[in-house]
Amino acid sequence: MSDKILPCFVSGMVVRGFGRGSKALGIPTANFPECVVNSLPKDFDTGIYYGWAALDGKKIYKMVTSVGWNPFYKNEKKTFEVHILETFPNDFYGKELKVIVTGYIRKEKDFASIDELIKEIKNDIMIAEKELDKPNMLNYKYDTFLTG
């Protein structure tokens, strides 16, 4: 993983994904459209990352994101799926999502079962929670990119 591309600033409208995050995993995601995925820097490796997110330029949240092919589901298209570490009463399709990807957790990998996948995602969330509380990561929470 190349640290020279982080932080990475990304924005776009939330679109419908495969519907697996909420239904199959109990871990809802906000998905960026294909044009946003295709505009990522060429050296942006696939994997699991953490950072900050804002919806419609309002409140800022911690987030974990998966960028890649989701080997467990054998995606044919690369995706950029953001799990905001907050519970929301409704989905937010069509809302503007801005994220600052600030750190890398791990490479993508396949899993033998959905339970193993869920366990790994929960571990990714714990890592993100801890890393985003560090002073050098908290600085990004207040970047005007998120609220501007």
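Up top is the structure these notes are about.
Residues numbered from 1 in each chain as written. Predicted model: local features only at pLDDT ≥ 70, side-chain atom pairs only at ≥ 80, totals over all residues. Heavy atoms only, no water.

1. A short note on the overall build of the protein chain
- Check the secondary structure of the protein chain and you find five helices and six strands.
- A compact globule built from 148 residues should have a C-alpha radius of gyration of about 15 Å, and the protein chain, at 14 Å, falls within 12% of that.
- Along the longest, intermediate and shortest principal axes, the C-alpha atoms of the protein chain span 40 × 30 × 30 Å.
- Counting every position in the protein chain, which comprises 148 residues, the buried fraction comes to 47%.
- Pairs at least 24 apart in sequence give 69% of the contacts found in the protein chain among residues at least 6 apart.
- Counting every atom, the protein chain has about 8100 Å² of accessible surface; 53% of that belongs to carbon and sulfur.
- Charge separation in the protein chain, taken as the distance between the mean sites of 21 positive and 20 negative side-chain charges, equals 2 Å. (Helix = DSSP H or I, 4+ residues; strand = E, 2+ residues; numbered from the N terminus. Rg over C-alpha atoms; globule rule 2.2 N^0.38 Å. Buried < 20%, exposed > 50% of the residue type's maximum accessible area, 1.4 Å probe, protein only. Contact = heavy atoms within 4.5 Å. Areas by Shrake-Rupley, 256 points an atom, 1.4 Å probe, with all protein chains shown as cover. Lys, Arg positive; Asp, Glu negative; His and termini not counted. Charge placed at Lys NZ, Arg CZ, Asp CG, Glu CD.)

2. Describing the packing of aromatic side chains
- Under the defined criterion, the tally for this structure stands at six aromatic pairs.
- The interplanar angle of 85° and the centroid separation of 5.2 Å between the aromatic rings of Phe9 and Phe145 together place this pair among those described as edge-to-face. One end of the pair, Phe9, is in strand S1 (residues 8-13); the other, Phe145, is in helix H5 (residues 144-147), with 136 residues separating them in the sequence.
- Classification of Phe9 as partly exposed rests on a relative accessible area of 39%. (Phe/Tyr/Trp six-rings, centres within 6.5 Å; stacked < 30°, edge-to-face > 60°.)

3. Quick notes on the environment of Ala30
- Inspection of the secondary structure puts Ala30 in strand S2 (residues 30-31).
- For Ala30, a relative accessible area of 2% translates into the label buried.
- Here the alpha-carbon distance between Ala30 and Asp45, two residues 15 residues apart in the chain, equals 20 Å.
- Every residue in contact with Ala30, bar those within four places of it in the chain, is listed here: Val14, Phe80, Glu81, Val82, Phe92 and Leu97.

4. What to know about the side chain of Asp124
- Considering the arrangement of structural elements, one finds Asp124 in helix H3 (residues 114-132).
- Excluding residues that lie within four positions of it along the chain, Asp124 makes contacts with Ile48, Val64, Ile105 and Arg106.

5. What to know about the pattern of salt bridges
- For the structure shown, the criterion picks out eight salt bridges.
- When the shortest N-O distance is used, the salt bridge between Glu34 and Lys77 registers 3.1 Å. Linking Glu34 in helix H2 (residues 34-38) with Lys77 in the loop between strand S4 (60-68) and strand S5 (79-84), this pair joins segments that are 43 residues apart in sequence.
- The salt bridge partner of Glu120 is Arg106, with a shortest N-O separation of 3.3 Å. Of this pair, Glu120 sits in helix H3 while Arg106 is found in strand S6 (residues 96-106), placing the two residues 14 residues apart along the sequence. No difference in accessibility class separates Glu120 from Arg106, as the two residues are buried.
- Several salt bridges share partner residues, and in doing so they unite Arg106, Lys109, Glu120 and Asp124 into one network. (Salt bridge = Lys/Arg side-chain N within 4 Å of Asp/Glu carboxyl O.)

6. Looking at the environment of Gly57
- For Gly57, the location among the structural elements is in the loop between strand S3 (47-55) and S4.
- Separated by 77 residues in the primary sequence, Gly57 and Lys134 place their C-alpha atoms 23 Å from one another.

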